[in-house]
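# Descriptive analysis of the structure
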Amino acid sequence: PPSTPLLSLFDRLFFILLRLRMPSGHAAARLAPEGCPPQPDTEQVVEGVMLINAANPGPFTLRGTNCYLLGRGKRKILIDTGESEVGGEEFLRRLLSLVGDDEVNTILLTHWHGDHTGGLPEVLRRFPSARVLKWKGKTGGGCVEKIQWEGRDTIELFDEELRLDVDWGEYGAPRSLVAVPSPGHTEDHCCFFMPESGVLFTGDAVLGYGSTVFETLYDHLQSLHSLLKCSPSIICPSHGPLRREDTASLISSAIQHRREREEIIIEVFLGELGGRCSGGDLCTAVYSKELAPDVLSAVYGRALHSVTQHMLKLEVDGQVKRESEHDGNEGAYIWSKASAGHTGAPDCD
């Protein structure tokens, strides 16, 4: 992983797991999880919207990062760019075959992770006049310093209000594309929505298969509720297959999954552990009921992060409190049941 203090422990873990593969060029060495649904290399979502798989399979990327090409006119919009070291050449070939004699004049980034931004340099070599846009994120800087690209300072950051025209050429008036900021997976994560067709590009906030990881659970749940309000007819995730039916249930099931996990954590915390324990003890008590010791050991860091995020949300909700900070070790948090007078923000569920 890049050796920079700007990367959090969560970011470093993501990079480490993302790069567990053979040397550059051996994309087949990084496989999608067993049972992951098959996907075509390219797929038409609706007229004027094409899915392009970035040919970078892996445990986090599934069959690969889904990028999307928008527009029926000469000027196209591209959402995300895949990776550079894995699948980069194949993704570019797929992209160029669909663009043909047209051009990509706008590139939108859902968030800073390398499987979404790594292909930027090559795409921009082919389309040097394209603008690169991304949401500024909760802290205002858009996490651009984390993007592994020398030209990252040229990325244009936008506020919550962004509406672009998707060129429809001779087929009619431009279609609208609006930004739906959705922090949680990362603090700079942003989805995009085409209201005329009901197509929602969910990035890593909602996957087509499995569940996503998140930096901040509280923000993630709020974002899921915001996405529900879009009432999409088609969900276009960055990983996993398209969802054309029961789209609301895909989002609501992600909320329900977190609610059920929270109920388990509360039950163990108040019951077995008596309402006071360390984060590490809570993680072990929760997951040892579901996972064999060797499996829990292998995924302990991710499990601990998940439990910690649930407890941080419960702290905001006013149900628990921290007695100590963790100094970089989430397992060292000491948690206790909140007193009757301790209140937090309303439950975002």
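Further remarks concern the overall build of the protein chain. For the protein chain, the count of helices and strands is nine helices and 15 strands. Each of the 349 residues in the protein chain was classed as buried or not, and the buried ones make up 52%. Relative to all contacts within the protein chain whose residues are 6 or more apart in sequence, the contacts with residues 24 or more apart total 63%.

Looking now at the packing of helix H5 (residues 217-228) against helix H6 (residues 247-272). At their nearest, the axes of H5 and H6 sit 9 Å apart, and the two run at 155 degrees to each other. Our classification of the angle between H5 and H6 gives roughly antiparallel. As H5 runs across H6, the sense of the crossing is left-handed. Contacts from Leu217, Leu221, Leu224, His225, Leu227 and Leu228 of H5 reach H6 at Ala248, Ile251, Ser252, Ala254, Ile255 and Arg258. Across the contact of H5 with H6, the residue classes tally to nine nonpolar, two polar and one charged.

With respect to the helices, strands and loops of the structure, Tyr218 is situated in helix H5. Distance in space between the C-alpha atoms of Tyr218 and Gly184 is 7.2 Å, their sequence separation being 34 residues.

Next up on the list: helix H2 (residues 88-99). The first and last C-alpha atoms of H2 sit 16 Å apart over twelve residues, in line with the 16 Å expected at 1.5 Å per residue. Positive backbone phi, approximately 60 degrees, marks Gly100, located one or two places after H2.

The next point concerns the side chain of Thr81. As for its placement among the helices and strands, Thr81 is situated in the loop between strand S4 (75-79) and H2. Exposure remark for Thr81: the relative accessible area of 0% places this residue in the buried category. Separated by 3.3 Å, the side chain of Thr81 and the backbone nitrogen of Gly119 make a polar contact. For Thr81, the contacting residues outside a window of four places in its chain are Cys67, Phe91, Ile107, His116, Thr117, Gly118, Gly119, Leu120 and Val123.

What counts, and at which threshold
- Residues numbered from 1 in each chain as written.
- Predicted model: local features only at pLDDT ≥ 70, side-chain atom pairs only at ≥ 80, totals over all residues.
- Heavy atoms only, no water.
- Helix = DSSP H or I, 4+ residues; strand = E, 2+ residues; numbered from the N terminus.
- Buried < 20%, exposed > 50% of the residue type's maximum accessible area, 1.4 Å probe, protein only.
- Contact = heavy atoms within 4.5 Å.
- Axes fitted to C-alpha atoms, helices over the stretch in contact; angles between N-to-C directions.
- Parallel < 35°, antiparallel > 145°, perpendicular 65-115°, else oblique.
- Left-handed = near helix turned anticlockwise from the far one by under 90°.
- Nonpolar A, V, L, I, M, F, W, Y, C, P; charged D, E, K, R; others polar.
- Expected span 1.5 Å × (residues − 1).
- Polar contact = N/O pair within 3.5 Å; in protein donor to acceptor, adjacent residues only side chain to side chain.

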